[in-house]
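# Coordinate inspection notes
Listed below, chain by chain, are the residues.
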Amino acid sequence: MKKIVAVLMMACAAVPVAAAEPFPGALIAEYYMSEFSIPKGWSLSYKGNEQGTEVFIMDRDLDAHPQTSFLQPIEQMRRLMCGDDDLSAMVNGGVAVRVDARDKRDGKTTVVKGPTLTRC
């Protein structure tokens with residue numbers, strides 16, 4: 001799986017931002033979930049493109065794991081996107097990435113729009 005993800009990431013990094021190639025957001029989220037150490041109760045998924053920004057959703061179950069509430073989803077996204085040479089090249093090449101937090105707290109779910117990562 002790692003080799004497939006690496007090949008796709010390199011191919012996407014080589015494609016200009018304006019090209020018609022779709023952003024591999026679902027693969028990036030899958031890569032994060034399978035290869036990274038993640039906070040308990042957290043799950044990353046790809047939402048899609050919103051006005052030129054690639055948007056991810058970080059689901060956080062803060063009822064089950066309140067000790068993770070001090071962690072910020074943007075730091076996890078920075079770790080993912082800037083910790084890999086190919087993904088970092090995408091961000092530094094003009095791909096804007098945002099991660100929104102969908103938090104479950106006290107039995108209720110809220111969504112908070114996150115900051116945008118534009119540079120590593």
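See above for the structure.
Here is a short report on the structure shown in this document. Counting restarts for each chain: residues are numbered from 1 in the order of the written sequence. Only residues with pLDDT of at least 70 are given local features in this predicted model, and only at 80 or more are side-chain atom pairs given and counted; all residues enter the totals for whole chains, interfaces and linings. Hydrogens and water are ignored here; the side-chain numbers use all heavy atoms of the structure.

Regarding its fold elements, the chain presents four helices and five strands. Listing the helices and strands of the chain from first to last along the sequence gives α-α-β-β-α-α-β-β-β. Scored against the burial criterion, the 120 residues of the chain give a buried share of 37%. By the convention used here, residues are in contact when the closest approach between their heavy atoms is within 4.5 Å. Pairs at least 24 residues apart make up 56% of the contacts formed inside the chain by residues separated by at least 6 positions. The Shrake-Rupley method, run with a 1.4 Å probe, gives the accessible areas here. Residue values count only the displayed protein chains as cover. For the chain, the exposed surface amounts to about 6800 Å²; the carbon and sulfur share of it is 54%. Helix numbering and strand numbering both begin at the N terminus, where a helix is a DSSP run of H or I of at least 4 residues and a strand a DSSP run of E of at least 2. Three exposure classes are used, based on accessible area relative to the maximum for each residue type with a 1.4 Å probe and protein chains only: buried under 20%, partly exposed in between, and exposed over 50%.

The next subject is helix 2 (residues 25-35). Residues of helix 2 that are buried: Gly25, Ile28, Ala29, Tyr31 and Tyr32. One side of helix 2 carries all its buried residues, which in axial view fall inside an arc of 155 degrees. Arc definition: directions from the helix axis to the C-beta atoms.

In this structure, Leu44, Phe56, Met77, Leu80 and Met81 are the most contacted members of the largest nonpolar core, which totals 20 residues. Elements with a contribution of two residues or more to this core: helix 2, strand 1 (42-50), strand 2 (53-61), helix 3 (73-82), helix 4 (85-92) and strand 3 (96-105). Residues in contact with Leu44, not counting those within four places in the same chain, are Ala29, Tyr32, Met33, Phe56, Ile57, Met58, Met77, Leu80 and Val99. Take the buried residues of types Ala, Val, Leu, Ile, Met, Phe, Trp, Tyr and Cys, join any two whose side-chain atoms come within 4.5 Å, and each joined set is a nonpolar core.

Counted as salt bridges are all cases of a side-chain nitrogen of Lys or Arg within 4 Å of a carboxyl oxygen of Asp or Glu. Using the criterion set out here, one finds six salt bridges in the structure. With its nearest N and O atoms 2.9 Å apart, the salt bridge here joins Glu50 to Lys47. A salt bridge links Arg78 to Glu75; the shortest N-O distance between them is 2.8 Å. Pair noted here: Arg78 and Glu75 are both in helix 3, with a separation of three residues, about one helical turn. Given the relative accessible area of 35%, Arg78 is considered partly exposed. By relative accessible area, which is 43% here, Glu75 ends up partly exposed. Salt bridges linked by common partners bring Lys47, Glu50, Arg98 and Asp100 together as one network.

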